[in-house]
Amino acid sequence: MWKTILRRLLIMIPELIILSVLVFILSKQLPGDPFTGSINPKASMGQIHHLMKINGLYDPWYQQYWHWVVHLLHGDLGNSYEYQEPVTAIIGSRAINTFWLALLTMIMTYAIGLPMGLYAGRHEGKLQDALVRIYSYATMSVPFFVVLVIGCWIFGYGLNIFPTSGSVAPNATGFFPVLLSKFYHMILPATLGALFATSSITQYLRSGVIDAKNSNYVKTAQAKGVSMNNIYKHHIMRNAMLPIAAFAGYSITGLLGGSLFTEQIFSYPGMGLLFLNAVNFRDYTVMTALVLLYGFLSLLGTLLSDIALSIIDPRIRVE
Amino acid sequence: MKDSPILLKVKNLRVHFPVRGGFWNRIIDKVKAVDGVSLTIRKGDTYGLIGESGSGKSTTGKAIVGLQDATKGHISFMDSDVTKKSARKKMNYNHDVQMIFQDPELSLNPEKRIFDIIAEPLRNFEHLNNEEEKIKVLKLLEIVGLGPDSLYKYPHQFSGGQRQRIGVARAVATNPKLIVADEPVSALDLSVQAQVLNFMKKIQKEFDISYLFISHDLGVVKHMCNHIAIMNRGRIVEIGTREDIYEHPLHIYTKRLLASIPEADVNKREEHHKNRLEVEKYYEQNKDKFYDENGEALPLIQITDTHLAAIPKNMKKG
Amino acid sequence: MQEVESKDINLKKLEAEAKANSTPSSFKLMFNEFKSDKMAMISLILVSLFILYVIIASFFINTSNMMSTNIMNYFAKPFTPDFWLGADAGGRSIAKQLIVGSRNSILIAIGLTAISSSVGIAYGLISGYFGGITDLAMQRVYDFMMIIPSFMIIIEIVNIIPSYNAISLTLILSMFYWMGTSRLIRAQTLSESNKDYVQASRASGTSTLKIIFKQIMPNVSSLIIVDTTISFAENIGVETGLSYLGFGLPMGTPSLGTLIANANDADNITTYWWTWLPATIEIIVLCLAISYIGAVLRRATNATQRRSTK
């Protein structure tokens, strides 16, 4: 088992390298440079060229790449063109917001999806199951952001239950009111995001429950006289839920990708919105840093899920 | 059949599969599926290759047809060396050497009609026009006892035995000289087995085809084969004519296989059962003598000019 | 020759007999299953008609005229004879934008599905059939493509290229959306490649290319049909999403996404609801209809599978 984990970790290294090279090359293609517009607008082209030269912007690309990586490993992602501050500082606070929103979305996804999947599997073929299946495929096919727009319109603006922008109310003070306000702001986007993401968990769990229902060990338990409720609790749920837990890592990619839309619609100050603003203001260092960060987090998530699955699934373990 | 021309000669065939392991997935060992097999098939032979699962007989068959590359050794067909894939391709090897597969469920493409299935080798090796092709396929269907109404049907509409007959028709389509039949009746009900075997015999006579008949069942083979080779753990442990093997078996593995043939005669039941126990006892006591330190079979020793067996030298009787 | 002659007379009769006993192919079977579901047929017809309408009607609309701003019609109300669906902040007819935008978004989605499905199918077939190192390498590429943040990179690319049109955009998008299909196809191909009929084809002398595309692919064809349909529904969201964020089609080209983007303004979303609601409703209905068709197709293929594993 350790062999699998170690091998998996080793594969991550070339993936990281290729990711960073890709991100770097893309960033070099973006038009513009870090200096025009940031310093004295009266600076001549000659002076700008000189600045670029001493900052190594005319060096061959692999040298520039190497410098970039070295800076990266020291935690230096460069300065934001727009704010003239270290990128790490700018991303910092936003990252926390996105993190909490993503976490809440993941929790909601499991909170909604697990019971739904179990319920549908248990009542296979009946009306409840049909309803769940209709719901699943409906949310799966409609584009994610459309669900968000409609949800925001109905629950935010229409019924005015939830706030539609920002991460915290401006007049909240003190620890608990702030916490509550933050939660209040997150609940609508998290729930809507969760509604969309539950379909895969629900499907998986449902078929897992159905397979387990027909399996021999459940039939044995029934023959022994164990009540259906207990069977579900002790046998079926445990077997079906373990892989679901492992899938959590894979969902990170989707959560991050979705953050772009969620934060745009709800004007939520997170990394997604930061990226969109950075694109519009041509803040290339921030853009590049975010793409790299997102890619890295996705990589990490896939890695963790692969490792978790290899621990859980005895079949994979025997390698 | 001793003076018939040699059709296929296999010399020291080895097929080794690498086993990967360790951290870097390097090759740490190899599975010696076929480890030094030599045999000679002459025109008109029905050559039986017998062994249990894992003995390497199917792999040998596949190597002969060209579906499996040989790791070492030589295969020659009618004096041309066909060990390499390029050589086989150049001489359209499969036009003359075909295969019948074991599982009737899997050996026919479920998405293709019978016409296309049987015509496939024709389309690759012979260039007939539409009419000629259709006539040929209809004729083949007739030979295996299926009517023209089968032409545009799908495999799932036929029984196991019928599907095997379609497989036989496909193998015979290009009028090959040698057909490798890999356990052609093992997946069929007993009552159907005889039917398919009879078809195979009929076709052999009509088209002058030689067979390499691979099986694990010495009972089935008794009626079909004139030459038999017994395989065990990748090596041949006994070769001989039908008489040699059934009347004078020498290797304990052969004896064991013979003893396990179910006896249909109820009256001989006791006798047969006693015989089987005896063979088992002899096997348990002496099996190590017949295999070397590595657990591999001994080299073959010539007993008569048709009979060879992999017995220890001191056991050779006059 | 004599044999041919005597058979000649019978050939026609035998041929007729064979044809009379022929069985419908799995395509026909699936289609018949599908036809029996009334709702699915209606959905299919409605969707096809809608797409046709949108394409034809957009020919009659002069895009540059339509997109020119006319402050006089600032947020004109809907359900009037001039503006069936009202107008937006620039006084442009929403109804006309909806027709042209639908055409653009749908055609891009069709193109995206066609290209990414083809790539995904070929990728899965090759990866699954050859196995070994080829498969390993291809899977590494797959893994990598799955972790890169596709949307962000697409947005960056869109900003790098000086000019692009609908076609180049479709090509760019196709680079990132073939993975799902390839995974499905690969799984099925792996299991099919181990079956004896593939070996039988090889022994019959069929070339590798023909085996992959003419022997194995028909066995995954039902999977392909279902997956392509469902992918189509999902792919509509790709360009629309991009345009919604403002990075899709170049300025001045309407799309369903740009229309829904009207909802970004807090005022618009409630007061001037006609600017974004029609496009939103259209996308929801379209996607639901298409994925319903896909679900029915999947059910139909399961029915035909049953007959072949008797």
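Residues numbered from 1 in each chain as written. Chains lettered and ligands numbered in written order. Predicted model: local features only at pLDDT ≥ 70, side-chain atom pairs only at ≥ 80, totals over all residues. Heavy atoms only, no water.

Draft legend 1. Broad picture of the interface of chain A and chain C. If you look at the interface, chain A gives 40 residues, while chain C gives 38 residues. Roughly 3,600 Å² of surface becomes buried between chain A and chain C when both sides are summed, with 81% attributable to carbon and sulfur atoms. Joining chain A to chain C, the criterion identifies zero salt bridges. Of all the secondary-structure elements, those providing two or more residues to the side of chain A that touches chain C are α1 (2-29), α5 (127-141), α6 (144-158), α10 (251-265), α11 (271-280) and α12 (284-312) of chain A. With nine residues, the top contributor of residues to the side of chain A that touches chain C is α12 of chain A. Residues that form the side of chain A that touches chain C fall into these classes: 29 nonpolar, nine polar and two charged. (Contact = heavy atoms within 4.5 Å. Buried area = accessible area lost by both parts, 1.4 Å probe. Salt bridge = Lys/Arg side-chain N within 4 Å of Asp/Glu carboxyl O. Helix = DSSP H or I, 4+ residues; strand = E, 2+ residues; numbered from the N terminus. Nonpolar A, V, L, I, M, F, W, Y, C, P; charged D, E, K, R; others polar.)

Draft legend 2. View of the pairing of strand β4 (residues 72-77) of chain B. Residue and element names in this part refer to chain B. Here two bridges tie β4 to strand β5 (residues 80-81), and the two strands are oriented antiparallel to one another. Residue pairing for β5: Phe-77 is matched across the bridge by Ser-80. What sits between the antiparallel neighbours β4 and β5 is a turn of two residues, in which Met-78 has the positive phi angle 50 degrees. (Pairing = 2+ DSSP bridges.)

Draft legend 3. Here's a closer look at the domain arrangement of chain A. Residue and element names in this part refer to chain A. With domains assigned, chain A is organised as domain 1 (2-73) and domain 2 (89-312). Each partner contributes to the interface: domain 1 provides 14 residues, whereas domain 2 provides 13 residues. Regarding the contact of domain 1 and domain 2, the summed buried area is about 1,300 Å², with carbon and sulfur atoms giving 84% of it. Applying the counting rule to domain 1 against domain 2 returns one salt bridge. A salt bridge links Asp-306 to Arg-8, with the nearest nitrogen and oxygen atoms 2.5 Å apart. Our count for the contact surface shared by domain 1 and domain 2 stands at one residue pair in polar contact (both at pLDDT 80 or more). Looking at the side of domain 1 that touches domain 2 residue by residue, the class counts come to ten nonpolar, two polar and two charged. (Domains from an automatic or database assignment. Polar contact = N/O pair within 3.5 Å; in protein donor to acceptor, adjacent residues only side chain to side chain.)

Draft legend 4. Main features of the environment of Ser-20 of chain A. Residues and elements named next belong to chain A. Inspection of the secondary structure assignment puts Ser-20 in helix α1. According to the relative accessible area criterion, Ser-20 is buried, its value standing at 8%. With 272 residues separating them in the primary sequence, Ser-20 and Leu-292 have C-alpha atoms 6.7 Å apart. With near-sequence residues (within four places) excluded, Ser-20 lies in contact with Tyr-65, Trp-68 and Leu-292. (Buried < 20%, exposed > 50% of the residue type's maximum accessible area, 1.4 Å probe, protein only.)

Draft legend 5. Up close: the pairing of strand β3 (residues 46-50) of chain B. Residues and elements named next belong to chain B. Most of β3 sits out of view: five of its five residues are buried. Side chains Thr-46, Gly-48 and Ile-50 of β3 all project onto a buried face; the interleaved residues Tyr-47 and Leu-49 project onto the opposite face, where all are buried too. As paired strands, β3 and strand β9 (residues 227-232) are joined by four bridges and run parallel to one another. Note that in β9 the partner of Gly-48 across the bridge is Ile-228.

Draft legend 6. How the structure looks around the nonpolar core. Residues Phe-275 of chain A together with Tyr-244 of chain C are the most contacted members of the largest nonpolar core, which totals 109 residues. Sorting elements by how many residues they give to this core places α12 of chain A first, with eleven residues. Taken domain by domain, this core gets at least three of its residues from each of domain 1 (2-73) and domain 2 (89-312) of chain A. When near neighbours in sequence (up to four residues on either side) are disregarded, Phe-275 of chain A contacts Leu-260, Met-287, Leu-290 and Val-291 of chain A together with Met-152 and Ile-155 of chain C. In terms of nonpolar packing, the next biggest core, distinct from the first, is built from 66 residues, Leu-108, Ala-119, Ala-169 and Val-220 of chain B among them. (Core = buried A, V, L, I, M, F, W, Y, C linked by side-chain atoms within 4.5 Å.)

Draft legend 7. Summary view of the pattern of salt bridges. Under the definition given, this model contains 18 salt bridges over all chains. Asp-116 of chain B is paired through a salt bridge with Arg-123 of chain B; the nearest N and O atoms lie 3.1 Å apart. Taking the shortest distance from any N to any O, the salt bridge between Asp-143 of chain C and Arg-140 of chain C comes out at 2.8 Å. With Asp-143 of chain C and Arg-140 of chain C both in helix α6 (residues 132-147), this residue pair falls three residues apart, about one helical turn. Among the residues examined, Asp-143 of chain C registers a relative accessible area of 23% and is labelled partly exposed.

Draft legend 8. Geometry of the interface of chain B and chain C. Across the contact, 37 residues belong to chain B and 34 residues belong to chain C. Summed over both partners, the interface of chain B with chain C comes to about 3,200 Å²; 54% of that surface belongs to carbon and sulfur atoms. Along the contact surface separating chain B from chain C lie zero salt bridges. Here chain B is connected to chain C by eleven residue pairs in polar contact (both at pLDDT 80 or more). Of all elements in the fold, only α1 (57-65), α4 (114-125) and α5 (130-143) of chain B reach the threshold of two or more residues within the side of chain B that touches chain C. Its residues assigned to classes, the side of chain B that touches chain C comprises 14 nonpolar, nine polar and 14 charged.

Draft legend 9. Expanded view of helix α5 (residues 94-130) of chain C. Counted at 1.5 Å a residue, the expected span for α5 of chain C with its 37 residues is 54 Å, and the 52 Å between its end C-alpha atoms agrees. Capping the start of α5 of chain C is the job of one residue whose side-chain oxygen sits 3.4 Å from the backbone nitrogen of Ala-95 of chain C: Ser-93 of chain C. (Expected span 1.5 Å × (residues − 1).)

Draft legend 10. Focus on unusual backbone geometry. Residue and element names in this part refer to chain B. The backbone of Asn-12 sits at a positive phi, close to 50 degrees, despite the residue not being glycine. Following the sequence through the fold, Asn-12 ends up in strand β1 (residues 6-21). Positive phi values are uncommon outside glycine, yet Asp-79 reaches one of about 75 degrees. Within the secondary structure, Asp-79 sits in the loop between β4 and β5. The class for Asp-79 is exposed, based on a relative accessible area of 80%.

Draft legend 11. Seen up close, the sheet that holds β3 of chain B. Residues and elements named next belong to chain B. In space, the eight strands of this open sheet follow the order β6-β7-β8-β3-β9-β10-β12-β11, with mixed pairing throughout. Each of the sheet's edge strands pairs with one partner strand only, and the pair in question is β6 (97-100) and β11 (301-302). The sheet contacts of helix α7 (residues 190-207) involve β3, β6, β7 (178-182) and β8 (210-215), and relative to β8 the element is tilted by about 160 degrees. Packed on one face of the sheet, helix α10 (residues 252-259) meets β3, β9 and β10 (235-241) and runs near 105 degrees to β9. (Axes fitted to C-alpha atoms, helices over the stretch in contact; angles between N-to-C directions.)

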